Amino acid sequence: MSEHDVDLSSIRGDWNFHFNYLMNAVEKTQKYQMKLWRQINAARDAKGILPAEKNELIAEYLEAVRMTHSFTDDFIMMLEQRPAKAAKKKTKKKATKKAKKKVAKKASKKASKKVNKKAKKKARR
């Protein structure tokens, strides 16, 4: 993380935008990192040793790893600065999903009970 205090009051109003931007940057960097790793593996010889002339490939890979690490520091900082509204909205969505699942489950139980009652009536006849 940065060694000096950062004034984050200017981004609090648009926290979601900045957080999504950060997540996209992390995702792209990880994809680039994996691409470089595949190239490093492809450059190995039969013994599994990387040729000495491929050092720039390793340097690029290490830089991508460092970038990912710095993004994780930013990720932690953004989570610490999360506004209260964003946290509440997520909780409400989870509660709504759970309520919908319960209603759907009850409805399916009722429907299966009706089907079972009809089947029993037909069996009695």
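Our subject in this report is the structure included herewith. (Residues numbered from 1 in each chain as written. Predicted model: local features only at pLDDT ≥ 70, side-chain atom pairs only at ≥ 80, totals over all residues. Heavy atoms only, no water.)

### A look at the packing of helix α1 (residues 15–42) against helix α2 (residues 55–80)
For the pair α1 and α2, the least separation of the axes is 9 Å and the interaxial angle reads 155 degrees. As summarised for this structure, α1 and α2 are arranged roughly antiparallel, according to the angle between their axes. In terms of crossing hand, the pair formed by α1 and α2 is left-handed. Of the residues that constitute the contact of α1 with α2, the class distribution is 20 nonpolar, 6 polar and 2 charged. (Axes fitted to C-alpha atoms, helices over the stretch in contact; angles between N-to-C directions. Helix = DSSP H or I, 4+ residues; strand = E, 2+ residues; numbered from the N terminus. Parallel < 35°, antiparallel > 145°, perpendicular 65-115°, else oblique. Left-handed = near helix turned anticlockwise from the far one by under 90°. Nonpolar A, V, L, I, M, F, W, Y, C, P; charged D, E, K, R; others polar.)

### Considering the packing of aromatic side chains
This structure, assessed with the given rule, holds 3 aromatic pairs. With a centroid separation of 5.2 Å and an interplanar angle of 40 degrees, the aromatic rings of W37 and Y61 are classed as tilted. Within this pair, whereas W37 is found in helix α1, its partner Y61 is found in helix α2, the two being separated by 24 residues in sequence. A relative accessible area of 17% places Y61 in the buried class. Three or more aromatic residues joined by ring pairs form one cluster here, namely W15, F19 and F75. (Phe/Tyr/Trp six-rings, centres within 6.5 Å; stacked < 30°, edge-to-face > 60°. Buried < 20%, exposed > 50% of the residue type's maximum accessible area, 1.4 Å probe, protein only.)

### Points about the pattern of salt bridges
One pass over the structure, following the stated rule, counts 2 salt bridges. Among the ionic pairs, E27 bridges to K31, the shortest N-O distance being 3.9 Å. One end of the pair, E27, and the other, K31, are both in helix α1, 4 residues apart, so they sit about a helical turn from each other. Residue class for K31 comes out exposed when judged on its relative accessible area of 55%. (Salt bridge = Lys/Arg side-chain N within 4 Å of Asp/Glu carboxyl O.)

Purely geometric stuff here, so don't read any function into it on its own.
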